[in-house]
Amino acid sequence: MFQIEPLPASEFSHLSSLSDAELAQKGIQVHVSDGAFPCRVSLADAPEGTRVYLLNFEHQPGDSPYRSRHAIFVAEGARECRPEPDTVPDAVANRLLSVRAFNRAHEIIDAEVVEGRALEGVIGTFFDNPQVDYIHLHFARRGCYAAKVTRTARS
């Protein structure tokens, strides 16, 4: 069993209190969603007309050569949404993904590129390997971080 993890809303809630000039000083861009901006907090495409922040985020802080940061979108006022276990949200399932399996030392030990609708099978295969500690999902076309996948207890 697996769980796709949203980013915590608390890490981004302060952005709405900043002016556009303050956001720009921090390298954060403001866009208006056309309905296809995948929010990493809600794990959904931000509705058309919603303000979204494009910012750089350290999604792989592990002390290894794979330490990494990349662009993400966060919708203004996004609410954290945790999908049901073993569920892939549409914003992830509808995109081409780079799936990267990491061990406890934060090293990639397996990787695959897959259409999001086939993600469950890749997650299952990766988690069949006891050395896999967690999985990162990236939107393959732009390389942006999408979400972290963790194991859940089997019932």
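Residues numbered from 1 in each chain as written. Predicted model: local features only at pLDDT ≥ 70, side-chain atom pairs only at ≥ 80, totals over all residues. Heavy atoms only, no water.

Before going further, it helps to spend a moment on the pattern of salt bridges. Taken as a whole, this structure holds eight salt bridges when the rule is applied. A salt bridge links Arg 51 to Asp 20; the nearest nitrogen and oxygen atoms lie 3.5 Å apart. With Arg 51 in strand β5 (residues 51–60) and Asp 20 in helix α1 (residues 20–25), this residue pair connects regions lying 31 residues apart in the sequence. Using a relative accessible area of 28% as the deciding quantity, one classes Arg 51 as partly exposed. With its nearest N and O atoms 4.0 Å apart, the salt bridge here joins Arg 69 to Glu 58. Here Arg 69 is found in strand β6 (residues 68–75), whereas its partner Glu 58 is found in strand β5, with eleven residues between them in sequence. Using a relative accessible area of 25% as the deciding quantity, one classes Glu 58 as partly exposed. (Salt bridge = Lys/Arg side-chain N within 4 Å of Asp/Glu carboxyl O. Helix = DSSP H or I, 4+ residues; strand = E, 2+ residues; numbered from the N terminus. Buried < 20%, exposed > 50% of the residue type's maximum accessible area, 1.4 Å probe, protein only.)

When helix α3 (residues 119–127) is considered as a whole, its buried residues turn out to be Leu 119, Val 122, Ile 123, Phe 126 and Phe 127. The arc enclosing the buried residues of α3, seen along the axis, measures out at 125°, which places them on a common side. (Arc of directions from axis to C-beta.)

The next subject is the sheet that holds strand β8 (residues 108–115). Pairing is antiparallel in the open sheet, where five strands are placed in the order β1-β10-β9-β7-β8. In this open sheet, the two edge strands, each paired with only one partner strand, are β1 (2–5) and β8. Strand after strand, the sheet turns through a mean of 25° between neighbouring axes, direction not considered. (Pairing = 2+ DSSP bridges. Axes fitted to C-alpha atoms, helices over the stretch in contact; angles between N-to-C directions.)

Attention now moves to the side chain of Ser 64. Secondary-structure assignment places Ser 64 in the loop between β5 and β6. Of the residues examined, Ser 64 reaches a relative accessible area of 14% and is grouped as buried. Among the polar contacts listed, one links the side chain of Ser 64 to the backbone oxygen of His 106, at a separation of 2.7 Å. Once you skip the residues sitting within four places of it in the chain, Ser 64 turns out to touch Ala 105 and His 106. (Polar contact = N/O pair within 3.5 Å; in protein donor to acceptor, adjacent residues only side chain to side chain. Contact = heavy atoms within 4.5 Å.)

Now for unusual backbone geometry. Backbone geometry places Leu 43, a non-glycine residue, at a positive phi of 55°. Note that Leu 43 resides in the loop between β3 (37–38) and β4 (45–46). In this structure Leu 43 comes out as buried when scored by relative accessible area, which is 6%. Positive phi, normally seen in glycine, also occurs at Asp 86, with a value near 65°. If you trace the backbone, Asp 86 turns up in the loop between β6 and α2 (90–93).

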